[in-house]
Amino acid sequence: MCLGVPGKVVKIEDNALGLRMGVVDFGGTKRETCLAYLDDVQEGDWVLVHIGFAISKIDEEKAKDAFDTLKEIGL
Amino acid sequence: MKYVDEYRGSEPVRKYIRAITDILHRDWTIMEVCGGQTHNIIKFGIDTLLPSKITLIHGPGCPVCVTPIEMLDKAVYIASQSEVIFCSFGDMLRVPGSEKNLITSRAEGADVRILYSPLDAIKIARESPDRKVVFFSVGFETTAPAVAMAIIQAKKLGIKNFSALVAHVLVPPALEAILSTPNLVLNGFLAPGHVSTVIGQGGYERITKKYRVPIVITGFEPLDILFGVYKLVKQLEEGRCEVENAYGRSARPEGNVLAQQAVDEVFEAADRKWRGIGVIPKSGLALRESYRDFDAESLFSLNGLTVEEPSECIAGYILQGLKKPNECTAFGTRCTPQRPLGAPMVSSEGACAAYFNYRRV
Amino acid sequence: MAEFNPLCPTPFSTDAKITLAHGSGGIPSAELVSKLFVPALKNKYLELLHDGAVFELGNSRLAFTTDSFVVKPIFFPGGDIGSLSVHGTVNDLAMCGARPLMLSLSFIIEEGFLMADLARIVKSISNACKDADVMVVTGDTKVVEKGSADGIFINTTGVGTVEYEGISPKAVRSGDNIILNGAIGLHGIAVMVAREGLNLETNVESDSAPLWGPVEKVLKSGAEVHCLRDATRGGLSSVLNEIASAANVGIEIWEDSIPVPEPVRGACEILGLDPLYIANEGRFLSFVASGGEDRAVDALRSHPLGRDARKIGRVTNDHKGSVVLRTNIGGRRVVLMASGELLPRIC
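None of the values given here were measured: they were computed from a predicted structure. (Residues numbered from 1 in each chain as written. Chains lettered and ligands numbered in written order. Predicted model: local features only at pLDDT ≥ 70, side-chain atom pairs only at ≥ 80, totals over all residues.)

### Section: the interface of chain A and chain B
Logical step 1: Counting residues at the interface gives 31 residues for chain A, matched by 41 residues for chain B.
Logical step 2: Secondary structure elements with two or more residues in the side of chain A that touches chain B: strand 4 (46–50), strand 5 (53–57) and helix 1 (65–72) of chain A.
Logical step 3: Counting residues per element, the side of chain A that touches chain B draws most heavily on helix 1 of chain A, which supplies 5 residues.
Logical step 4: Each residue belonging to the side of chain A that touches chain B can be placed in one class, and the counts come to 21 nonpolar, 6 polar and 4 charged. (Contact = placed C-beta atoms within 7 Å. Helix = DSSP H or I, 4+ residues; strand = E, 2+ residues; numbered from the N terminus. Nonpolar A, V, L, I, M, F, W, Y, C, P; charged D, E, K, R; others polar.)

### Examining unusual backbone geometry
Residue and element names in this part refer to chain C.
Logical step 1: Put simply, Lys72 and Pro73 share a cis peptide bond, and its omega is 0°.
Logical step 2: One can find Pro73 in the loop between strand 2 (60–69) and strand 3 (75–76).
Logical step 3: In the Ramachandran plot, Asp133 falls in the positive-phi region, its phi being about 60° despite a non-glycine side chain.
Logical step 4: On the secondary structure map, Asp133 appears in the loop between helix 3 (115–132) and strand 6 (135–144).
Logical step 5: Using a count of 13 C-beta atoms within 10 Å as the deciding quantity, one classes Asp133 as partly exposed. (Buried ≥ 20, exposed ≤ 12 C-beta atoms within 10 Å, placed from the backbone.)

### Let's talk about the sheet that holds strand 14 (residues 323–326) of chain C
Residues and elements named next belong to chain C.
Logical step 1: Judged by pairing direction, the sheet is mixed, and its 7 strands sit side by side in the order 10-12-8-13-11-14-15 without closing on themselves. Pairing within the sheet leaves two strands with one partner each, and these edge strands are strand 10 (225–230) and strand 15 (332–334). Strand-to-strand twist across the sheet, computed as the mean angle between neighbouring axes with direction ignored, equals 25°.
Logical step 2: Across 3 bridges, the pairing between strand 14 and strand 15 is antiparallel. For Arg326, the partnering residue across the bridge sits in strand 15 and is Arg332.
Logical step 3: Strands strand 10, strand 11 (250–254), strand 12 (284–288) and strand 14 of the sheet are contacted by helix 6 (residues 235–247), whose axis makes an angle of about 150° with strand 11. (Pairing = 2+ DSSP bridges. Axes fitted to C-alpha atoms, helices over the stretch in contact; angles between N-to-C directions.)

### A short note on the pairing of strand 1 (residues 5–14) of chain A
All names here are of chain A.
Logical step 1: Alignment of strand 1 against strand 4, held across 4 bridges, turns out to be antiparallel. Each residue of the ladder has a partner; that of Val5, found in strand 4, is Val49.
Logical step 2: Of the strand pairs in this sheet, strand 1 and strand 2 (residues 20–26) are connected by 6 bridges, and their pairing is antiparallel. Counterpart to Val9 in the pairing with strand 2 is Val24.

### Focus: the domain arrangement of chain C
The accessible area lost on association of the parts is a frequent measure of interface size.
All names here are of chain C.
Logical step 1: With domains assigned, chain C is organised as domain 1 (50–162) and domain 2 (169–334).
Logical step 2: Between the C-alpha centres of domain 1 and domain 2 the distance comes to 23 Å.
Logical step 3: Counting from both sides, the interface comprises 23 residues of domain 1 and, opposite them, 21 residues of domain 2.
Logical step 4: Among the elements of the structure, helix 2 (81–94), strand 5 (98–110) and helix 3 are those that each provide at least two residues to the side of domain 1 that touches domain 2. (Domains from an automatic or database assignment.)

### A closer look at the pairing of strand 5 (residues 132–139) of chain B
Moving residue by residue along a regular strand, the side chains alternate between the two faces of the sheet.
All names here are of chain B.
Logical step 1: Burial of strand 5 is extensive: 8 of the 8 residues sit out of reach of the surface.
Logical step 2: Neither face of strand 5 is left uncovered, since the one carrying Lys132, Val134, Phe136 and Val138 and the one carrying Val133, Phe135, Ser137 and Gly139 both have all their residues buried.
Logical step 3: As paired strands, strand 3 (residues 84–88) and strand 5 are joined by 4 bridges and run parallel to one another. From the neighbouring strand, Val84 faces strand 5, where its bridge partner is Lys132.

### Quick look at the nonpolar core
Logical step 1: Within the largest apolar cluster, 236 residues are counted, with the highest numbers of intra-cluster contacts made by Ala54(A), Phe86(B) and Val229(B).
Logical step 2: Per-element tally for this core: the top contributor is helix 12 (residues 222–238) of chain B, with 9 residues.
Logical step 3: If we skip the residues at most four places from it in the chain, Val229(B) touches Ile20(B), Ile30(B), Leu50(B), Ile54(B) and Leu190(B). (Core = buried A, V, L, I, M, F, W, Y, C linked by C-beta atoms within 7 Å.)

### Structural notes on the confidence of the model for chain C
Residues and elements named next belong to chain C.
Logical step 1: Within chain C, residue pLDDT values average 89, and 95% of them lie at 70 or more.
Logical step 2: Every residue in residues 1–14 is under pLDDT 50, and counting partners more than four places away or in other chains gives 23 contacts.
Logical step 3: Here the predicted complex scores 0.86 on pTM and 0.95 on ipTM. (pLDDT = per-residue confidence, 0-100.)

### Structural notes on helix 2 of chain C
Logical step 1: With 14 residues, helix 2 of chain C extends 20 Å between its outermost C-alpha atoms, agreeing within 8% with the 20 Å of an ideal straight helix rising 1.5 Å per residue.
Logical step 2: When you tally the buried positions in helix 2 of chain C, you get 14 out of 14 residues, the bulk of the element. (Expected span 1.5 Å × (residues − 1).)

Following this line, the structure appears as structure tokens:
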């Protein structure tokens, strides 16, 4: 369940509903995304988006975990 | 695409198959909980690449599949009211109710609109003050925060023509229900990565302690799934029993606290019926008293309706991992994605649809 | 409205009424043709189920085809219903190996439709005809009451002279190479994004274009061309399945060979869609006998509408009637036709 797609925050502003919103770029297709659930997000950050809401900021270090583990086991 | 393509490369995938094979000595049965994981496992053929000592069974992590038949009937009824604009995720449109689905309703003139986000339903409500906008709110804990925010906004803005038909379900109670199923052989879980991004690890730690079953939070891309399987198999081979996180780039131990708070403000845990399984206590969400004005079931007087399932559909067994889709007598013949008997054949991530669409050569 | 009866669990039939799925180019559309139209209208031309009918008139062989256009919104990035109505029909003729010559043009317009929009559409048709080197030689206009048509519907019927014989699904055989002229998914995403409701923003433009130019290049390249087919509604998956079925062959395609533009990928990821099922309006497949594929690819690349041409698969005697995809991670799976309307998903 839960299609979550990673994208890059390219604009941040509060919208007419008083919500923290941003524009997130997914490989050239952009969508208005609610950033209200991330308390510290800047333009240029990568976030994971589900149904128009950013639910996490991508941790660039941990993104390498699967690859680091392969190195650790010598593969 | 960044943070997508690197997890779909053939070389790291092959390396993890090798790594898993190297540490594997006994037979293990693992359940991937999330329908999105099932979908990708079958789509990329991961189950055919894994060594045969590992059996993957598919869990009930498809909120579309587990939405009870009466919910679809309520949706169809509400959509057919002329003053209603019925908004839904695309997934729900083909799921069969007792007589019809939302596509048939639309063909009969109902104003059914596919939306990507619940905030779009709020926009529609503001633009059409003379119509009643109802949002079909289906999903696990990943989806609930978005709906919660839409409802909070609706209340703040004094919007009176918006309501939600709530059918949210929760993962940890479902895991407990599965672990209580008699005759089920199950050694560990791959927990859903995006649900975990919202709820964190705490809910799983309780389960691991109580049932002595390891749980690894896992993502969705081929490499994520294999990394999750590797960590789980390593635990099982080493006799450990912990909650581990193989999706650290998104899921944190505490989850998303702001999202949890919003859900907690709007919803409370409630008993919920799961299609094909039955009622699981405190396994769903219902609107709190303070937000009951936004409850579509109450507004349209539909509380207390129940319906029996068609008997040929064995969705219940499939959703509990007791049978595989191709063991169903109707699979691929009387039940296909175009003429489904049950939800797992309709939902693009239902196990039956995945088996049908991504058939082996 | 039917009475709401929640206690009746009888399975329903999806075929009692026409639904949008019947027009989506997938399985329900194919069934409508094979179970309703062909049996009622049986003849040797119709049964070939090719994009156009080819027949003799005096000393000429002519190709004859028709198509209707109902796209919403009527104006979208990269085109409009007018240009589409020209391209769609000339391309069906091109897929028969025929040079498109003349079109008929028929409008069904809803009362209240803006004259300025109609003028814009007609101008677009005029430009597209010049581009495609065809003429509109006859036409018709009907206006219906408000509510009886969604803005405007267009039908075009086309005639062309067959310049290359033997182009048909039945000519496809094992060993043939499958060549695609460019990246997929552009039209479907451009139109989906232009519709209200999904609130996506992208610079993706429809690939709608007249294809006789690149088709002629392939046909003149010296390669032995067995079949041509454009990949419209239902996407690449539909076309490949239709050919596999009509020719009774197996088809194998390679995921890493199929070009998909980044923004199309992004939109597909967000909406949970597979690019193989997204509509195109300027993409076609050439089924070329083994040995001729390089010439065909080079010839295509010499044309602006074939710059990104490449081999994406081959025809085999294995798994006849099925299309198999070799995935990026080395797995294999069957690619089915769409089972209905393409719906975005969140799960």
